[in-house]
Amino acid sequence: MSKRTFRVWRGDAEGGRFVEYNVEVGPGMVILDALHRIQAEQSPDLAVRWNCKAGKCGSCSMEVNGKPRLSCMTRISDYEPEQIITVQPLKTFPIIRDLVTDVSWNFEQNKRIPPFRPKAPGPDGKLRMWQEDVDRIQEFRKCIECFLCQDVCHVLRDHEKKQNFVGPRFIMRIASLEMHPLDTVDRIPQTLREFGSGWCNITRCCTEVCPEHINITDNAIIPTKERVVDRFYDPVAMLTRKIRGEDPARAREEGKVP
Amino acid sequence: MVDVREIKTVEHDVLIIGAGGAGLRAAIECSNAGLDTAVLTKSLLGKAHTVMAEGGMAAAMGNVDPRDNWKVHFRDTMRGGKFLNQWRMAELHAKQAPDRVRELEEWGAVFDRTPDGLINQRNFGGHRFPRLAHVGDRTGLELIRTLQDHAVHKGRLQVYMECKALRLLKDGDRMAGCVAVWRETGRFLIVRAKAVIMATGGGGRAWRVTSNSWEYSGDGLTMAYDAGAELMDVEFTQFHPTGMVWPPSVRGTLVTEGVRGEGGILKNNKGERFMFRYIPERFAPETADTEEEAARWLAGDKNARRPPELLTRDVVARAIKAEVEAGRGSPHGGAFLDIASQRTAEDIKRKLPSMYHQFKELAELDITKEPMEVGPTLHYFMGGIRVDPDTQASTTVPGLFACGEAAAGLHGANRLGGNSLSDLIVFGRLAGLGAADYIKGVSELPALDEDQVRDAIRWATSFLNRESGENPYVIHEDLQELMQTKVGIIRNATELSQALEGIAELRKRAENAKAHAASQYNPGWHEAMDLHSLLTTAEAVARAALTREESRGAHTREDFEGEREEWGKVNIVLRKLDDGSMEVRKLERDEPPEELAKIAFATIEDLEAGRV
Ligand SMILES: Cc1cc2nc3c(=O)[nH]c(=O)nc-3n(C[C@H](O)[C@H](O)[C@H](O)COP(=O)(O)OP(=O)(O)OC[C@H]3O[C@@H](n4cnc5c(N)ncnc54)[C@H](O)[C@@H]3O)c2cc1C
Ligand code: SF4
Ligand code: SF4
Ligand code: FES
């Protein structure tokens, strides 16, 4: 056991400040453990959102020393012993209290996306899909909706632009539907016009913070932009296409390569 | 004095408390029936416990082994539950699960595939055939996201997030809705409805070492019990054999049974594969008795019997405890779970990605190279609200329904892994249909009794208003310690009585708990309110456990060893009496329908040869 200092942001929508807490830390403890210890011993009203404490639910998102992290999967020992650890709420979303932000905007974006509508089953009455065809969307479906990618995306950080762009999480959700082997809906025109795929300029910040290590930008966003470009004009996607060449999976689907 | 008219009131046809798999599936069914539907959840949408489920969802689709069918699944479920399950529920579950899983696929779920493009199925403890539809080791996430994405496009379905139900409201005997509180603002909300479906999950947070999250404070069981519903089978609390034991901050976090399903073996500190020594008589004919046979099974030999690591959870949990107590445990008091020697690193990362990730990040251990340390963790409530098998209606309160982990009956004395996720979708749907049917006979919204509302609010705000009082976190910790030591895997009358005394003491302290005055997003306040649920649930478990004088399934009494015939004929039912005390009653079980009894007691050879 040793003592460590945490600077935790306390406050609400009106304003707030950092408060320092000294906490006993033991082996294997994560940031969320330290916050729980503060709740139990010093400030029972410290607001923190969490559920699973195992990186599975995406509730405990916050910024630790300026980086978007899941607090339940961030070990205290990852920080130098003398370093003060600063914990603050996500910046992109309105603050409710302390470390808890109002992420309801994300749920609204999800509602706007036209739902899955499957093909009719085969002659034997069964739906068939092959593993190699679903590997890619299974990667996207690992998403735990922690919204760390949404937090870090500069388009959304700039609050004015939120109405233009649904953000990486939901472009990826569109990708997972568009690439679903059984889906029949066309969401591409809306992806450009309403969901704002053109706003993404492929900085890859979202991919860097994803706790599920999903390759959001390269595997979901760029191929989606490609599909948009096939029908409409998107300068950024045009440029990357020149650099990267065709999206291979897309080419395979269209029968261009075996 | 609280002015009830100033509290926001909303009106719906049906109120569903809980947005896990069970609640969402019920909501979809209610919406399909044209009902105006409200869903309340303590956390954000998509974060309920269901999201944590790893291994899979049991349904006898026969995609991997065509010999599987509902009868074998039914037989496995009854045997796993030590024949204390409700026959009809086990039958409905086994018959309907395959359709419910296929329906998820029509709603966009993407399960792992077989080589011919169908939903893949994996082996799990107690299941005769590979039966669990799965997505790597994140099946619960796939389930909840599919239901969530489907539900948000449904008409007349409103989700109230981070809104906690405090108390049920009644109009005479029947349900009238609930009083709730928003976590964000601390404001109260009255939800009036013609029927209420309880889908709140279990109460594992009363124990110290548990795989459950803070949400599992037994609210649903307690609200229903306080409103007059019966609870059943609550002595059966499942200790999952493999929780993490190190480091201390993650003690209890689940290690999926999928590890053993994929071939993982258990060893003690002498390197012995000890499970061979713990095979119960009932399962001996169907369990491998040599390492050689177990290895053949893993390699896919259909004539080989299953390795003993895949025995039911109660058996494996007790075996690990016994090994540790005999001094053969791992350094931190568990057993070694080894998959590294059984599968290639690549296979492990593909089949068990989140376990790989979990150990790497939280324990700095590479499961493709080293064994994990595991030990029992409180995981699941087989018991819950007593319901009618076909409609999921409470046996005593008209208009109240329950489904998922909050309801009792399907699992009997012990649940098989994978049978919960399928339970949620089968009985979630039936609860929705049951409520819709009930509502047809309710023309007007039941009346609102303002006194009940005032009473609930007075109670809730008392924690904020009192000048001084005890820290609720400390009371909760004391309860966890008490349940861990006195109502654990192995129980006896002395300790259970001590537990009951301890709970009574804690109740007095809980009534005087004090929360910091702010009501907005104040976890300390919610902790103080949760104590009532935690203590009621804990008392129910301890009372039922003290009453059942035998050892069966997840309930083990060292002072009453082995199953006793007379206890196989009764379920234990609890009810709140008018004086506030808890009545414990033995309920005689119905004779099973002849057809079902034949299947359940058949030998596996007869069943497979179609002779039953
Ligand atoms: C780590 C882990 C792994 C598991 N793996 C498997 C598996 O592989 N296969 C399997 O079959 N089962 C598994 N289980 C068990 C299974 O996940 C659960 O039993 C199941 O998900 C319970 O679902 P539910 O819908 O009944 O409740 P939950 O999903 O827990 O949902 C409960 C809901 O009720 C809400 N709620 C509770 N109280 C209130 C209140 N007072 N007011 C408002 N809302 C409230 C909560 O917010 C939540 O939305 C696992 C469990 C755990 C913990
Ligand atoms: S890659 Fe696109 S979506 Fe991702 S952070 Fe950058 S701009 Fe935002
Ligand atoms: S894509 Fe990754 S970072 Fe974004 S919400 Fe999903 S899990 Fe979180
Ligand atoms: S608490 Fe679930 S991801 Fe951190």
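All figures in this text were calculated on a predicted structure; none of them were measured in a lab. (Residues numbered from 1 in each chain as written. Chains lettered and ligands numbered in written order. Predicted model: local features only at pLDDT ≥ 70, side-chain atom pairs only at ≥ 80, totals over all residues. Heavy atoms only, no water.)

### What to know about the overall build of chain B
To keep things clear, this is the line we draw: The way it works is that DSSP assigns letters per residue, a run of H or I at least four long becomes a helix, a run of E at least two long becomes a strand, and they are numbered from the N terminus. Using C-alpha atoms as the atom set, the radius of gyration is obtained and then compared with a globule rule of 2.2 Å times the number of residues to the power 0.38. The buried label goes to any residue with under 20% of its type's maximum accessible area, the exposed label to any with over 50%, and the partly exposed label to all in between, with areas taken from a 1.4 Å probe on protein chains only. A contact between two residues is defined here by any heavy atoms of the two lying within 4.5 Å.
Counting its secondary structure elements, chain B contains 17 helices and 22 strands. Since a compact globule built from 612 residues should have a radius of gyration of about 25 Å, the 23 Å found for chain B is in line with a globular shape. Buried positions account for 65% of the 612 residues belonging to chain B. Here the contacts in chain B between residues at least 6 apart in sequence split such that 74% fall between residues at least 24 apart.

### Looking at the overall build of chain A
Stated precisely, the cut-off is as follows: Per-residue and other accessible areas follow the Shrake-Rupley method at a 1.4 Å probe size, with only the shown protein chains counted as cover for residues.
Assigned secondary structure in chain A consists of 11 helices and seven strands. Reported as C-alpha extents along the three principal axes, the dimensions of chain A are approximately 65 × 40 × 30 Å. Put simply, of all contacts in chain A between residues at least 6 apart along the chain, 62% involve residues at least 24 apart. For chain A, the exposed surface amounts to about 10,900 Å²; the carbon and sulfur share of it is 50%.

### Some points on the interface of chain B and chain A
Let me state the cut-off plainly: Simply put, the buried area is the total loss of 1.4 Å probe accessible area from both parts when two parts are fitted together. Salt bridge, as applied in this entry: a Lys or Arg side-chain nitrogen positioned within 4 Å of an Asp or Glu carboxyl oxygen. Identification of polar contacts relies on pairs of N or O atoms within 3.5 Å, with a donor-acceptor requirement for protein atoms, meaning one able to donate a hydrogen and the other able to accept it, and with residues adjacent in sequence counted only if both atoms are side-chain atoms.
Taken together, the contact pairs 62 residues of chain B with 57 residues of chain A. At the boundary of chain B with chain A, total buried surface from both sides reaches about 4,900 Å², with 55% on carbon and sulfur atoms. Where chain B packs against chain A, one counts six salt bridges. Among the ionic pairs, Glu145(A) bridges to Arg145(B), the shortest N-O distance being 3.9 Å. Linking chain B with chain A are 40 residue pairs in polar contact (both at pLDDT 80 or more).

### Quick look at the site of ligand 1
All names here are of chain B. As a reminder of what qualifies: The near set for a molecule or strand comprises every residue that places at least one heavy atom within 4 Å of it. Residue type decides the class: Asp, Glu, Lys and Arg count as charged, Ala, Val, Leu, Ile, Met, Phe, Trp, Tyr, Cys and Pro as nonpolar, and the leftover types, Gly among them, as polar.
Looking at ligand 1, there are 41 residues lining it, with His49, Thr50, Glu215, Tyr216 and Glu405 nearest. The contact in question runs from an oxygen atom of ligand 1 to an N or O atom on the backbone of Ala22, over 2.9 Å. Within the backbone of Lys42, a nitrogen or oxygen atom sits 2.9 Å from an oxygen atom of ligand 1. Protein contact buries 99% of the 1,000 Å² of open area that ligand 1 shows by itself. Mapped onto the shell around ligand 1, the elements with two or more residues apiece are helix H1 (21-32), strand E8 (163-171), helix H5 (219-226), strand E16 (372-381) and helix H11 (419-440). When residues of the shell around ligand 1 are assigned to their parent elements, the largest contribution, four residues, is made by H11. Residue classes in the shell around ligand 1 are distributed as 16 nonpolar, 18 polar and seven charged.

### Digging into the packing of helix H3 (residues 87-106) of chain B against H11(B)
Residue and element names in this part refer to chain B. Put simply, the rule reads: The convention used is that axes are lines fitted to C-alpha atoms, helices contributing only their stretch in contact, and that angles between N-to-C directions extend from 0 to 180 degrees. Any angle from 65 to 115 degrees is called roughly perpendicular, while one under 35 is roughly parallel, one over 145 is roughly antiparallel, and all others are oblique.
Contact geometry of H3 with H11 gives a least axis separation of 8 Å together with a crossing angle of 90°. Taken as axis vectors, H3 and H11 run roughly perpendicular relative to one another. Listed contacts from H11 to Met89, Leu92, His93, Gln96, Ala97, Arg100, Val101 and Leu104 of H3 are Asn419, Ser422, Asp423, Ile425, Val426, Phe427, Arg429 and Leu430. Each residue belonging to the contact of H3 with H11 can be placed in one class, and the counts come to nine nonpolar, four polar and three charged.

### A word on the side chain of His555(B)
All names here are of chain B. Tracing the chain through its elements places His555 in the loop between helix H15 (523-547) and strand E20 (556-557). In terms of polar contacts, His555 uses its side chain to reach the backbone carbonyl oxygen of Arg548, at 3.0 Å. Within polar-contact distance, the side chain of His555 engages the backbone oxygen of Glu550 at 3.5 Å.

### Some thoughts on the sheet that holds strand E5 (residues 121-122) of chain B
Note on sheets: strands pair through backbone hydrogen bonds, and any given pair is parallel or antiparallel. All names here are of chain B. Our working rule: One requirement defines pairing of two strands: DSSP has to find at least two bridges between them.
Across the sheet, three strands lie side by side as E4-E6-E5; this open sheet has antiparallel pairing. Of all strands in the sheet, those with a lone pairing partner are strand E4 (57-58) and E5, marking the two edges. Pairing of E4 with strand E6 (residues 132-133), which is carried by two bridges, proceeds in the antiparallel orientation. Across the sheet, the residue bridging to Met57 is Ala133, located in E6.

### Describing the confidence of the model for chain A
Basically, it comes down to this: Looking at any residue, its pLDDT shows the predictor's confidence there, from 0 to 100.
Averaged over all residues, the pLDDT of chain A is 91; the fraction at 70 or higher stands at 91%. Predicted confidence for residues 251-258 of chain A stays below pLDDT 50, and this span has 10 contacts to residues more than four positions away or in other chains.

### Examining the packing of aromatic side chains
Our working rule: Pairing of aromatic rings covers Phe, Tyr and Trp, the last counted by its six-membered ring, and requires centre-to-centre distances within 6.5 Å; plane angles under 30 degrees mean stacked, over 60 mean edge-to-face, and any other angle means tilted. Distance and angle both matter: a charge sits over a ring if NZ of Lys or CZ of Arg is within 6 Å of the ring centre and within 35 degrees of the ring normal.
Enumeration over the complete set of coordinates arrives at 13 aromatic pairs over all chains. Centre to centre, the rings of Phe74(B) and Trp87(B) are 6.2 Å apart; their planes meet at 45°, and the pair counts as tilted. Here Phe74(B), found in helix H2 (residues 70-80), pairs with Trp87(B), found in helix H3; they are 13 residues apart in sequence, far enough to count as distant. By the ring-pair criterion, three or more aromatic residues cluster together here, those being Trp70(B), Phe74(B), Phe83(B), Trp87(B) and Phe601(B). Directly above the aromatic system of Phe18(A) lies the positively charged group of Arg7(A), at a separation of 4.3 Å from the ring centroid. A cation over an aromatic ring shows up here: Lys95(B) above the ring of Trp70(B), its NZ or CZ 4.6 Å from the ring centre.

### Examining the site of ligand 3
In the vicinity of ligand 3, the contacting residues are Cys143(A), Ile144(A), Glu145(A), Cys146(A), Phe147(A), Cys149(A), Met172(A), Cys210(A), Pro211(A) and Ile216(A). Class assignment for the residues of the shell around ligand 3 results in nine nonpolar, no polar and one charged.

### Comments concerning the confidence of the model for chain B
Scored by pLDDT, chain B has a mean of 95; 100% of the residues are at 70 or more. Predicted as a complex, the structure gets a pTM of 0.94 and an ipTM equal to 0.92.

### Structural notes on the pairing of strand E1 (residues 2-12) of chain A
All names here are of chain A. Pairing analysis gives 11 bridges linking E1 to strand E2 (residues 15-25), with the strands arranged antiparallel. Paired with Lys3 across the strands is Glu24, a residue of E2. The loop that links E1 with its antiparallel partner E2 comprises two residues. Strand direction decides the pairing type here: E1 and strand E5 (residues 85-88), joined by three bridges, are parallel. Paired with Phe6 across the bridge in E5 is Ile85.

### A few points about unusual backbone geometry
All names here are of chain B. Between Trp246 and Pro247 the backbone carries a cis peptide bond, its omega angle lying at -5°. The phi angle at Tyr521 is positive, at roughly 30°, despite the residue not being glycine. Note on Tyr521: relative accessible area 2%, which makes it buried.

### Let's talk about the pairing of E16(B)
Residue and element names in this part refer to chain B. Within E16, nine of the 10 residues are buried, leaving the element largely enclosed by the surrounding structure. In terms of strand pairing, strand E13 (residues 237-244) meets E16 through six bridges, oriented antiparallel. By the bridge assignment, Thr237 is partnered in E16 with Phe381. Here three bridges tie strand E15 (residues 335-338) to E16, and the two strands are oriented antiparallel to one another. Note that in E16 the partner of Phe336 across the bridge is Glu373.

### Some remarks on the domain arrangement of chain A
Residue and element names in this part refer to chain A. Basically, it comes down to this: Either an automatic procedure or a domain database provided the assignment from which the domain bounds are taken.
Along its sequence, chain A is organised into domain 1 (2-101) and domain 2 (104-253). Taken over C-alpha atoms, the centre of domain 1 sits 31 Å from the centre of domain 2. With 14 residues of domain 1 in contact, the opposing surface of domain 2 contributes 17 residues. Overall, the association of domain 1 and domain 2 removes approximately 1,100 Å² of surface from exposure, summing both partners, and the carbon and sulfur fraction of that is 59%.

### Quick notes on the pattern of salt bridges
Residue and element names in this part refer to chain B. Here the structure, examined in full by the defined rule, presents 83 salt bridges over all chains. The shortest N-O distance in the salt bridge between Glu142 and Arg138 comes to 2.9 Å. The two residues Glu142 and Arg138 agree in class, both being buried. Across the salt bridge formed by Glu539 and Arg507, the nearest N and O atoms sit 3.1 Å from each other. Taken together, the residues Glu539 in helix H15 and Arg507 in helix H14 (residues 493-511) connect sequence positions 32 residues apart. On the basis of relative accessible area, Glu539 is assigned to the buried category, the value being 12%.

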